[in-house]
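Descriptive analysis of the structure
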Amino acid sequence: MQLLKILKPFINNKKISSVLSHRSLKTTSSDCFLQKKLGRYVSSLEKEKHLKQLDRVSESHQLIYYMPMESYISWSVHTSTLTASLIALAAIYQYTYNLHVLESTQFTLILEKEDIYYFAVGFITINALVRWIISKVPLRIYKIKNQYLAIYNKQLPGLRPQHHFKRGEVKKVDFILNPWNNATYKLGNQTCLILPDYFKTPFEFHQMFDSEKNKY
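Residues numbered from 1 in each chain as written. Predicted model: local features only at pLDDT ≥ 70, side-chain atom pairs only at ≥ 80, totals over all residues. Heavy atoms only, no water.

Our next topic: the sheet that holds strand β3 (residues 147-152). With antiparallel pairing, the four strands of this open sheet are ordered in space as β1-β2-β3-β4. Each edge of the open sheet is held by one strand with a lone partner, namely β1 (62-66) and β4 (162-166). Neighbouring strand axes in the sheet, compared pairwise and without regard to direction, differ in orientation by 25° on average. Both β1 and strand β2 (residues 138-144) contribute to a ladder of four bridges, which runs antiparallel. When the sheet's bridge partners are listed, Gln62 is paired in β2 with Lys143. (Pairing = 2+ DSSP bridges. Helix = DSSP H or I, 4+ residues; strand = E, 2+ residues; numbered from the N terminus. Axes fitted to C-alpha atoms, helices over the stretch in contact; angles between N-to-C directions.)

So, on to the environment of Ile144. The residue Ile144 is located in strand β2 in this model. Residue classification places Ile144 among the partly exposed residues on the basis of a relative accessible area of 27%. When sequence neighbours within four positions are dropped, the list of residues in contact with Ile144 reads Ser60 and His61. (Buried < 20%, exposed > 50% of the residue type's maximum accessible area, 1.4 Å probe, protein only. Contact = heavy atoms within 4.5 Å.)

Here the focus is the UniProt feature "transmembrane region" (unreviewed entry) in the chain. With numbering matched to this structure, UniProt assigns "transmembrane region" (unreviewed entry) to residues 72-96 and 116-134. Helix and strand shares over residues 116-134 are 100% and 0% respectively, and the end C-alpha atoms of the span are 27 Å apart. (UniProt positions renumbered as here; feature names shortened; annotations may be inferred.)

On to the pattern of salt bridges. Evaluation of the coordinates by the stated rule reveals five salt bridges. Across the pair Lys143 and Glu204 runs a salt bridge, and its minimum N-O distance is 3.0 Å. Residue Lys143 is found in strand β2, and its partner Glu204 is found in helix α6 (residues 202-207); the two are separated by 61 residues along the sequence. According to the relative accessible area criterion, Lys143 is buried, its value standing at 11%. For Glu204, a relative accessible area of 8% translates into the label buried. (Salt bridge = Lys/Arg side-chain N within 4 Å of Asp/Glu carboxyl O.)

Let's shift gears to a nonpolar patch on the surface. Together, Tyr93, Tyr97 and Leu99 give the surface a local cluster of nonpolar side chains, amounting to about 340 Å² of exposed area. In this structure, Tyr93 sits in helix α4 (residues 70-97). Look at Tyr93 and you get partly exposed, because its relative accessible area is 43%. (Patch = residues over 30% accessible without salt bridge, like charges linked within 9 Å, V, L, I, M, F, W, Y side chains within 5 Å. Areas by Shrake-Rupley, 256 points an atom, 1.4 Å probe, with all protein chains shown as cover.)

See the structure below:
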């Protein structure tokens, strides 16, 4: 009782209450920012709703996995595709009109006019490899009951690949000479690269491995 009497003036003081409230809000905001930076936080309901509209999924789906690097992935695809396309077009132009697109000098990598064909094949191969790797990386995973839906980066304009799998159809897999074995998982019948830190909660990640039979 004596303690309450001593603290009562401070509790009733509006200025002190305002300061404490403001400090609490600041702490909460910083915690949310940290969670978002770690990938364990979906920024807002509005953003989640926008992503559902973008991915053409129903409102009943729950977003449990979100990779905030979609723009970087898209730029890597566009840049590699543009570079490979320009070199391929230059090679086709040279082959068709028998004209030297690049002058061969001792200061360039091209010493013979046929070298541009090797460059074209090399860049196209690298671009195909980049696209193949990116096609294994889901940008988002939705859940509805025991069904899951993985959304991938668009490989063609207007086409966003999707992959359905069920709870319990997820397992860790390893491959020889695979530098990403720590992030390689089998989602149904498709091998993917997923990062557990980007799940909304660790529980959502581990729940995908448990089948309905293991619940009882």
